[in-house]
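# An overview of the molecular structure
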Amino acid sequence: MKFNKELLIENFEKKNYSFCIQMLTENIIEKLTEEIKEHNPNFEYINITNLKTNALKYLDNSNKQIAIQLHDFIYSEDYEETFILDALLHMYESLSDENIY
Amino acid sequence: MESRDVWSFESSLASSKKFRSTKPREYKYLQEFYFDTFIPYLRNIINSHPEYSYEDLERHIKIDITKLSEAIFEGSDVYHIYLETIACNYLANKPEKLSNLLDQMIKPEFRDTFETDVYSYVLPRQNEDGSNLDDLFVEYVSSIMKPEYNSQQRIHNSEYGGTFKEMCMQYLVEALPWYLEEKASAETRITNTNPEYIAIINSERKKGTPNKDIFSKVKKLYTKEFEPTFINSMNFDADLNLLVYGLPFYLTNDLDEKSPDETLAKILRKNLKNSIVQINSQFNKFGFTKRAQDIRKAKFTDLGIGNFADRLTDASYTSDEELAAAIEQLDLENLMAYNTSLTNRYSKEATSLAEAFFVTYQYDLLRKFQDPEVERFFRLKDAMDTHTETDPNLVYIIDKNSEYPTKEDLFRALRVLYPLKPSYIAIRKRITSLPEARKDASKVSIPGLIHEIRKAYPTREEFERAMERMQDFYPTQDELNIALDKMAFLFNPTKYFVNEVQDEIDTDQDAFESSINLTEEEELELFGNVSNNPNIIRYSQRPYISYMLENYENQYKDYFDSRFRLLPEYSKKSHPESDLSKDASKYLRFYTPIFYSYKFKDNFINSLVALTLDNKSSFKNAGIILDSESDDKTYGRISFLTGIGIDANLTSPVQVHCIEPAIAAFLKEFTGDTIIPVYEGMDDYKGISNQSVFPFSPGIKKHLKALAKDTTLPERASAYVRRINALSLGKLPESIINAQPSSSGKSKKKSVFKRRYIDIKTGELFNIENGNYVPVQPYVQTIQDAIPLSDTTKDSGEGYEI
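Residues numbered from 1 in each chain as written. Chains lettered and ligands numbered in written order. Predicted model: local features only at pLDDT ≥ 70, side-chain atom pairs only at ≥ 80, totals over all residues. Heavy atoms only, no water.

In terms of regular secondary structure, chain B is built from 36 helices and eleven strands. Looking at chain B as a whole, 54% of its 802 residues qualify as buried. Partitioning the intrachain contacts of chain B with sequence separation of at least 6 by distance along the chain shows that 76% fall at a separation of at least 24. Carbon together with sulfur atoms contributes 50% to the accessible area of chain B, which is approximately 37,300 Å² in total. (Helix = DSSP H or I, 4+ residues; strand = E, 2+ residues; numbered from the N terminus. Buried < 20%, exposed > 50% of the residue type's maximum accessible area, 1.4 Å probe, protein only. Contact = heavy atoms within 4.5 Å. Areas by Shrake-Rupley, 256 points an atom, 1.4 Å probe, with all protein chains shown as cover.)

In structure tokens form, the structure reads like this:
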């Protein structure tokens, strides 16, 4: 789903964090994919693992870190929803011109 | 390695503080783990090796950590190989799909990916009778594939993983060269035995004789010509099958565990067995098995089935050989479920262990443990534990005149021996709640416990000295929190570094190894031994330490030293200086197995989901765990942190937690939709944790059968026992069948259990009818619901398609 700040805030206020996480995750993946394609036009997003692998190959340090962190959030059960959401908000802000906070 | 400035000290610290704020009770779990599990592990080493110097002890522990780390690598290929068996099974049973896929693999868009030159002529794909894939075609497909795509390294990248179709292609990329090689060998062997057989196969084929008749004809000839022992020794049947049926036979054979060849199924079993035995062995060594057994005993005793817990403990496999023999009885899917359960536990246990090791190192406790006085103290604790456990009715005799030990001495000893408040309170409560104590507390003295104190410390002076010393032995809550804060700080930069290292290995292993090699001295220093395992790469910490020092050295020291200075006990005992190079070195060492257990988690969640989808599997109940359902049972709700459940042929259901997006992502890429089976009947065992999972022994099965019939059991215990009994028999539990609403209509009409599915994205629930997903009928409570259901039916649908 496309990034929609009003929808994000509305769901955040309703404590529908799952929705917010999903929206941010999808859009972060899209942005990272665009960045990777600038270096490797043949790149196709398959899963978060192949995104991370290609991010490590082609992207700068801070975007590599985003890809690594995203992978960690998806597969580790150590993180609270709110922690993930907070981190994703920062990640999205650093990748886009949006000022969410 | 390049210098990185990804995480500034301030951002790393801020992130770690936020993370730690979500786990305010972590220090308590660490305390419990440390006292109940880690200290016994250390003491066991020390008591088994009284001759050890401190350096010997350190080396022993380094080797233990190395073996723990290496155990997780045993199963690194398992999940990908399992997904390949699914692909293989699919292609073996659908020859038309196999043929289409091979056809697609030579199309320009697929060829371009491999950057090869292309021949544009068209080869015949099948024999004239359409029954075979022409080997020339297969050979052509195989020849145009880039050689490096056959390498094992690609498996770990998951770069070409993704859709089920791509998984099938990857499998064929690996399998085709092997097939061609084996077929050529089979032809050579049969030619050497009798070249006429090949001539007969070819001529019968030209006549259009069906494959099964060709096979029978040639088989009759060699059965007549040769003795059975010779035929078996030459494996004629397999060779003949390969020559007559070609690639489809090769695929079917690749799933055959009884084949004399090295098949995919056999490789999978070998990998699974190694992984299960190794991880289980580590759990036994570090005390995780015992801990799980103790927790189970407590839970089961509350339920009223404490005896069953004892039986399970007695039946658990303490030796690698016993376990290896027991798991031979399990089929591959059950082994997959078992291995997944163990791997999932591994990441949690390895984290607890990493924390305990870090604390031990941080506060130099290892040296203290070797002190004979400390061991003397712990022996007193062992004796006290024995008394309090085995003497439920401690007898009290007054001894008011005793000067040593007094009742106050006893309670002081208990405070020091059981620093965890709940344990101390529990024991004190037991002692003071006894009837004699309630009548007159001054009349109470406890001979058993008093006797042990006197035995351990014959004089008051020795006792006082020991209590004072041990008072400060354990890290305090604040000290534990500082250690945890350090680990939380080190986590992100270390994770980043390890990811970069793995990427460099995946890109060019030779270049990596030459750039970051270890001297033998360094290897011994870090790992305690020199490796002879060709599948595991050990690398120097030097770049990592340099990076950490460059970015964080002074700020780290300043920040954490200031934390120690603020501790109330700072002036009373010495505290370590915060030396980043030492802290980071230890942390990387402890953290590596945790990183790899999570690295493999994407594959094992994917294969776990695939297990639930595979309708050919033996699991009657496997799928996603619902949080709740609508009243009419047409919709289900899934939590963000959800899980996959599988009722396997093991002593407990297998459950793995994961977040919903991870499952949805795999489903979408693998099947094209987001529908997954529902796991039923969690209420039977909700809140009854049994982490010590293993295959059933005949004794346990017998005990369960009898226990399931016991009508005196409390309801909750009865539901649990019946559930586990069903697992032992490989049957669908009655509780699941009975929970489904009956069909409406005539009374006493038998209804059938229908497996349910859920669309993760919409929450809508489905059954499968005639291969299609059909929304479940809304549930309306009727009188018919009182009639129990007893029939089951298999699904008729497919889990996935290409």
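Here the narrative resumes, following the displayed structure.
Let's shift gears to the pattern of salt bridges. All names here are of chain B. The final tally for this structure, using the stated rule, is 46 salt bridges over all chains. Notably, a salt bridge pairs Lys212 with Asp213, separated by 3.7 Å at the nearest N-O pair. Residue class for Lys212 comes out exposed when judged on its relative accessible area of 56%. Assessed through its relative accessible area of 35%, Asp213 is described here as partly exposed. (Salt bridge = Lys/Arg side-chain N within 4 Å of Asp/Glu carboxyl O.)

Turning next to the packing of helix α4 (residues 61-75) of chain A against helix α27 (residues 477-507) of chain B. Direction vectors running N to C along α4 of chain A and α27 of chain B enclose 100 degrees, while the axes themselves pass 10 Å from each other. The pairing of α4 of chain A with α27 of chain B is recorded here as roughly perpendicular in orientation. Facing Asn61, Lys64, Gln65, Ile68, Gln69 and Asp72 of chain A of α4 of chain A, the residues of α27 of chain B in contact are Phe491, Asn492, Lys495, Tyr496, Asn499 and Glu500 of chain B. In terms of residue class, the contact of α4 of chain A with α27 of chain B is built from three nonpolar, five polar and four charged. (Axes fitted to C-alpha atoms, helices over the stretch in contact; angles between N-to-C directions. Parallel < 35°, antiparallel > 145°, perpendicular 65-115°, else oblique. Nonpolar A, V, L, I, M, F, W, Y, C, P; charged D, E, K, R; others polar.)

Attention shifts here to the packing of aromatic side chains. All names here are of chain B. Counted according to the given criterion, the structure contains 56 aromatic pairs over all chains. Aromatic pair Tyr34 and Phe35: ring centres 6.4 Å apart, planes at 90 degrees, arrangement edge-to-face. Measuring from ring centre to ring centre gives 5.1 Å for Tyr34 and Phe38, while their planes differ by 40 degrees; the resulting arrangement is tilted. Separated by four residues within a single helix, Tyr34 and Phe38 lie in helix α2 (residues 26-48), roughly one turn from each other. Taken as a pair, Tyr34 and Phe38 share a single burial class, namely buried. Geometry around Tyr54 places Arg367 over its ring, the cationic atom sitting 3.9 Å from the centre. Above the ring of Phe527, the side-chain terminus of Arg538 is found at 4.2 Å from the ring centroid. (Phe/Tyr/Trp six-rings, centres within 6.5 Å; stacked < 30°, edge-to-face > 60°. Lys NZ or Arg CZ within 6 Å of the ring centre and 35° of its normal.)

Residues and elements named next belong to chain B. Tyr171, Ile305, Phe369 and Ile646 are the most contacted members of the largest nonpolar core, which has 243 residues in total. Discounting residues that sit within four places of it in the chain, Tyr171 has contacts with Glu84, Ala87, Cys88, Leu91, Tyr250, Leu251, Asp254 and Leu264. Grouped together as the second largest cluster of nonpolar side chains are 15 residues, Ile198, Ile200, Phe215 and Val218 included. (Core = buried A, V, L, I, M, F, W, Y, C linked by side-chain atoms within 4.5 Å.)

Our focus in this paragraph is the confidence of the model for chain B. Residue and element names in this part refer to chain B. With 83% of its residues at a pLDDT of at least 70, chain B reaches an overall mean of 81. Low pLDDT (under 50) marks residues 111-124, which in the prediction has 19 contacts with non-local residues, meaning those over four places away or in another chain. Note on residues 127-131: pLDDT under 50 across the span, and five contacts to partners over four residues away in sequence or across chains. Predicted complex metrics record ipTM = 0.90 and pTM = 0.86. (pLDDT = per-residue confidence, 0-100.)

With that settled, the discussion passes to a negative patch on the surface. Residues and elements named next belong to chain A. A contiguous patch of negative charge on the surface is contributed by Glu26, Glu30, Glu34 and Glu38. Following the sequence through the fold, Glu34 ends up in helix α2 (residues 17-39). Owing to a relative accessible area of 44%, Glu34 belongs among the partly exposed residues under this scheme. (Patch = residues over 30% accessible without salt bridge, like charges linked within 9 Å, V, L, I, M, F, W, Y side chains within 5 Å. Lys, Arg positive; Asp, Glu negative; His and termini not counted. Charge placed at Lys NZ, Arg CZ, Asp CG, Glu CD.)

This brings us to the interface of chain B and chain A. Taken together, the contact pairs 39 residues of chain B with 32 residues of chain A. Buried area between chain B and chain A, summed over both chains or domains, comes out near 3,200 Å², and the portion from carbon and sulfur atoms is 52%. Here chain B and chain A share four salt bridges between them. A salt bridge links Asp72 of chain A to Lys495 of chain B; its shortest N-O distance comes to 2.7 Å. (Buried area = accessible area lost by both parts, 1.4 Å probe.)

Here we come to the pairing of strand β1 (residues 622-625) of chain B. Residues and elements named next belong to chain B. Relative to strand β4 (residues 641-646), β1 runs antiparallel, the two sharing three bridges. When the sheet's bridge partners are listed, Gly623 is paired in β4 with Gly645. Pairing of β1 with strand β6 (residues 675-679), which is carried by two bridges, proceeds in the parallel orientation. Across the sheet, the residue bridging to Ile625 is Tyr679, located in β6. (Pairing = 2+ DSSP bridges.)

Turning our attention to the sheet that holds strand β5 (residues 654-659) of chain B. Residue and element names in this part refer to chain B. One open sheet accounts for seven strands, arranged β5-β4-β1-β6-β8-β9-β10; its pairing is mixed. On the outer flanks of this sheet lie β5 and β10 (772-775), each paired with one strand and no other. Ignoring which end each strand starts from, the neighbouring axes of this sheet average 45 degrees apart. Where helix α32 (residues 601-613) meets the sheet, it contacts β1, β4, β5 and β6, and its direction lies at approximately 80 degrees from that of β6.

Moving on, we get to the environment of Ile676 of chain B. All names here are of chain B. Looking at the secondary structure, you find Ile676 in strand β6. Considered as a pair, Ile676 and Ile760 are 84 residues apart in the sequence and their alpha carbons are 7.4 Å apart. Discounting chain neighbours no more than four positions away, the residues touching Ile676 are Val609, Thr612, Leu613, Ile624, Ile644, Ile663, Leu667, Tyr757, Ile758 and Ile760.

All names here are of chain B. When you line up the elements, Lys702 lands in helix α34 (residues 698-708). Looking at Lys702, the relative accessible area reads 66%, which means it is exposed. As for Lys702 and Ser728, which are separated by 26 residues in sequence, their C-alpha atoms are 9.7 Å apart.

On to the confidence of the model for chain A, then. For chain A, mean pLDDT is 89; residues scoring 70 or higher make up 98% of the total. Ranking the elements of chain A by mean pLDDT puts helix α3 (residues 48-58) of chain A last with 88 and helix α1 (residues 5-13) of chain A first with 93.

Turning our eyes to something else, we now look at α1 of chain A. A distance of 3.1 Å separates the backbone nitrogen of Glu6 of chain A from a side-chain oxygen at the start of α1 of chain A, and that oxygen is part of Asn4 of chain A. Lys15 of chain A lies just past α1 of chain A and shows a positive phi near 65 degrees. (Polar contact = N/O pair within 3.5 Å; in protein donor to acceptor, adjacent residues only side chain to side chain.)

All right, on to the environment of Ser203 of chain B then. Positionally, Ser203 of chain B belongs in helix α10 (residues 196-207). Separated by eleven residues in sequence, Ser203 of chain B and Ile214 of chain B place their C-alpha atoms 9.7 Å apart.

Turning to α3 of chain A, a few remarks are in order. The element α3 of chain A is extensively covered by neighbouring structure, given that nine of its eleven residues are classed as buried. Along α3 of chain A, the residues classified as buried are Ile48, Thr49, Asn50, Leu51, Lys52, Thr53, Asn54, Ala55 and Leu56 of chain A.

Of the consecutive residues Tyr404 of chain B and Pro405 of chain B, the connecting peptide bond is found in the cis state with omega at -10 degrees. Residue position: Pro405 of chain B is located in the loop between α21 (372-390) and α22 (407-417). Positive phi, close to 65 degrees, is recorded for Lys15 of chain A, a residue that is not glycine. Checked against the element boundaries, Lys15 of chain A lands in the loop between α1 and α2. At Lys633 of chain B, a residue that is not glycine, the phi angle is positive and equals roughly 60 degrees. Mapped onto the secondary structure, Lys633 of chain B falls in the loop between β2 (628-629) and β3 (636-637).

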